[in-house]
Structures are given as structure tokens and as C-alpha cells.
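# What the coordinates show
Residues per chain are reported as follows:
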Amino acid sequence: MKSSKKIILAIIILIIIIILALILREYIILNTGKLDKSSPMSREEVVSLLDAGSNYKNYYFSPKELNSKDNSYGTSETYIKDGIVVKYLNSELFTWENYNTNESLSFITKDGKKYVGISHNLEKIPNSQNGVDYSTIAEAEHYGYKYKYLGKTDFEGRDSILIEMKNSGSAIRFTIDKETGIILSRQDIYKMFFITTRITTTNMNVKIDSVTEEDVVRPNLQDYTVLE
């Protein structure tokens, strides 16, 4: 009888140790460090800041997953200047978009031949910074996310804010430049019950006011077969 009680007690102690270890693990991997929470921003204020970022006229970004070994999607680079957006995929020209004239060019190489698709119906995607989506913030209710302001921080020398959008199975943390409203990084946190199973951190590698006219000049289509 005594031995049975000892076994039950040992099992209870082991369960408590495991639970405490999991709680400590969650605290360590999700800890944001010391943040300035003196001037919190509402979700509506953050959305306004992000909308300003979507209209910012001069910056470059090249997103990179810091803790991922999967490079199957390759490397992308995006140049934005005065309403013109140019994207490269694996150093090859992918799209050229002019939001001043609504013209877009899409490039593809097939069987050694170069093709370009031309459209004059270009429209801006809502809740997006040139492909970087923030609809989970702007339409939180629709996607089932709850907003939380985590505080002000310094991100690579820029004054920024850190926010979190959370639902039952995941959370997304955005680092946003406080001056321009541009998203600087995104962290996707996946959970099973209350246990974090995976974290993906993407640094956008943003360079503000770095794009020149030469970076966004309309490509010469002389070597391409044009597809309207």
C-alpha cells in the first residue's frame, strides 16, 4: 500500500515538473525582453500607421526566414520608388508595376525564350505593403485574431513598435517602423494547446530611402516576346 502511494506521489511530482518545465520553456522562447509600454497604440492607430507604410515612396526589402532551412521559394528583392514597384526573384526580373499608369509587366523565361505579359489594369491590393500582408491586423475580427500592443523597441537602429495578433492556435508578431509604418519583421508562432511547436521569424531586411531612379526604370522589352 505504501509503495503504491509512493508511485502515485512520484508520478504527480513528475507531472508537476513537466508542466513547470513547459511553462519555463514558453516564457524563455516567447520572451520579448524589456519593452517601453508607456505610450500604447490601439489597433486602429496601428492600422493607420501600416496604411501610411503601404504608401511610403522609397524603400527596398528582401525577406529572409532566419530559422528556416527551406530555400525552395528562393530569394526575392523588391524596390519601391514613387509609385513604381520592381520585384526580382532569384536575381531575375519578375515583375515591374507602375501604379501611376496602372501598367504591369510580368516576366517569364520558358524553353530559353523570354516572354513578358503586359496589363493595364493594375490595382493596389488592400491591407498590403507591396505584397507584405497585414490583413490579420486590419481585419482582425474576420480572421479571429485578438490584438495586443507589446511595446516600443529598437530594431536595427530604428524606433519601432512590436504588436501581437493571437488566436487559439497561433500568434503573429509584427515589428513596425514607427516613423514610416513599414513592416520590418514578422514572427509566426504555432501552438498545440498551450505548447509552442514552431516559430518562424522573417526579417524583411528593409532599407529606407535607398532606391534610385535607375532601380525602377521601365525595362527594355526588345528581347522579349510580348503577350498582351
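Below: a short report on this structure. (Residues numbered from 1 in each chain as written. Predicted model: local features only at pLDDT ≥ 70, side-chain atom pairs only at ≥ 80, totals over all residues. Heavy atoms only, no water.)

Quick look at the environment of Ala-140 now. Position of Ala-140 relative to the elements: it lies in helix α4 (residues 140-143). Judged by relative accessible area, which is 3%, Ala-140 ranks as buried. Once the C-alpha coordinates of Ala-140 and Leu-14 are considered, the two residues, 126 residues apart in sequence, prove to be 40 Å apart. Residue contacts for Ala-140: discarding those within four places in its chain leaves Arg-43, Ser-135, Tyr-145 and Met-165. (Helix = DSSP H or I, 4+ residues; strand = E, 2+ residues; numbered from the N terminus. Buried < 20%, exposed > 50% of the residue type's maximum accessible area, 1.4 Å probe, protein only. Contact = heavy atoms within 4.5 Å.)

To continue, consider the packing of aromatic side chains. Within the structure shown, the criterion is met by five aromatic pairs. Ring geometry for Tyr-59 and Phe-61: centres 6.0 Å apart, planes at 25°, overall stacked. Each member of the pair Tyr-59 and Phe-61 is classed as buried. On the numbers, 5.9 Å between centres and 80° between planes, the contact of Tyr-79 with Tyr-88 is edge-to-face. Of the residues examined, Tyr-88 reaches a relative accessible area of 24% and is grouped as partly exposed. Linked through ring pairs, Tyr-56, Tyr-59 and Phe-61 together constitute an aromatic cluster. Across from the ring centre of Tyr-190, 4.2 Å away, lies the NZ or CZ of Arg-198, which sits over that ring. In this arrangement the basic side chain of Arg-218 is found over the ring face of Trp-96, its NZ or CZ atom lying 5.9 Å from the centre. (Phe/Tyr/Trp six-rings, centres within 6.5 Å; stacked < 30°, edge-to-face > 60°. Lys NZ or Arg CZ within 6 Å of the ring centre and 35° of its normal.)

This part covers the sheet that holds strand β7 (residues 113-119). Taking strand neighbours across the sheet as the criterion, the eight strands line up as β15-β1-β3-β4-β5-β6-β7-β16 in an open arrangement whose pairing is mixed. Two strands bound the open sheet, and with one partner strand each, they are β15 (207-208) and β16 (225-227). Relative to β15, strand β1 (residues 58-61) runs antiparallel, the two being bridged by two bridges. Within the sheet, the bridge partner assigned to Tyr-59 lies in β15 and is Ile-208. (Pairing = 2+ DSSP bridges.)

A separate point is the sheet that holds strand β12 (residues 170-177). One open sheet accounts for six strands, arranged β2-β14-β13-β12-β11-β10; its pairing is antiparallel. Strand pairing shows two members of the sheet lacking a second neighbour, β2 (64-65) and β10 (146-155), which therefore form its edges. Pairing of β2 with strand β14 (residues 195-203) involves two bridges; the strand directions are antiparallel. Residue pairing for β14: Glu-65 is matched across the bridge by Thr-202.

A cluster of nonpolar side chains, contributed by Ile-7, Ile-8, Ile-11, Ile-12, Ile-15, Ile-16, Ile-19, Leu-20, Ile-23, Met-192, Phe-193 and Phe-194, occupies part of the molecular surface with about 1,200 Å² of accessible area. Ranked by the residues each element gives to the nonpolar patch, the list is headed by helix α1 (residues 2-30), at nine residues. Residue placement: Ile-8 occurs in helix α1. (Patch = residues over 30% accessible without salt bridge, like charges linked within 9 Å, V, L, I, M, F, W, Y side chains within 5 Å. Areas by Shrake-Rupley, 256 points an atom, 1.4 Å probe, with all protein chains shown as cover. Salt bridge = Lys/Arg side-chain N within 4 Å of Asp/Glu carboxyl O.)

Next up on the list: helix α2 (residues 43-54). Within an α-helix, residues lying three or four positions from one another point in the same direction, as the helix has 3.6 residues per turn. Look at α2: 16 Å from first C-alpha to last across twelve residues, which is about the 16 Å you get at 1.5 Å a residue. For α2, every residue scored as buried is listed here: Arg-43, Val-46, Val-47, Leu-49, Leu-50, Gly-53 and Ser-54. What you see down the axis of α2 is that its buried residues fit within an arc of 160°, all on one side. (Expected span 1.5 Å × (residues − 1). Arc of directions from axis to C-beta.)

Turning to the pairing of strand β13 (residues 183-192), a few remarks are in order. For β13, the buried fraction is high: seven of the ten residues fall into the buried class. Pairing of β12 with β13, which is carried by seven bridges, proceeds in the antiparallel orientation. The residue of β13 that forms the bridge with Ile-176 is Ile-183. Between β12 and the antiparallel strand that follows it, β13, lie five residues; Gly-181 among them carries a positive phi value of about 85°. With antiparallel pairing between neighbouring strands as the criterion, β13 and β14 make up a hairpin whose turn holds two residues, including Phe-193 at a positive phi of roughly 60°.

Moving on, we get to the pattern of salt bridges. Pairs can form between side chains of opposite charge whenever their charged atoms are close. Tallied over the entire structure, the rule returns ten salt bridges. Arg-218 serves as the salt-bridge partner of Glu-103, at 2.8 Å between the closest nitrogen and oxygen. Placement of the pair is Glu-103 in strand β6 (residues 103-110) and Arg-218 in the loop between β15 and β16, with a sequence separation of 115 residues. Residue classification places Glu-103 among the buried positions, given a relative accessible area of 11%. Using a relative accessible area of 38% as the deciding quantity, one classes Arg-218 as partly exposed. Residue Arg-158 pairs with Glu-179 through a salt bridge whose shortest N-O separation is 3.1 Å. Of this pair, Arg-158 sits in strand β11 (residues 158-166) while Glu-179 sits in the loop between β12 and β13; the two residues are 21 residues apart in sequence, bridging distant segments of the chain. Several salt bridges converge on common partners, so that one network encompasses Arg-43, Glu-44 and Glu-141.

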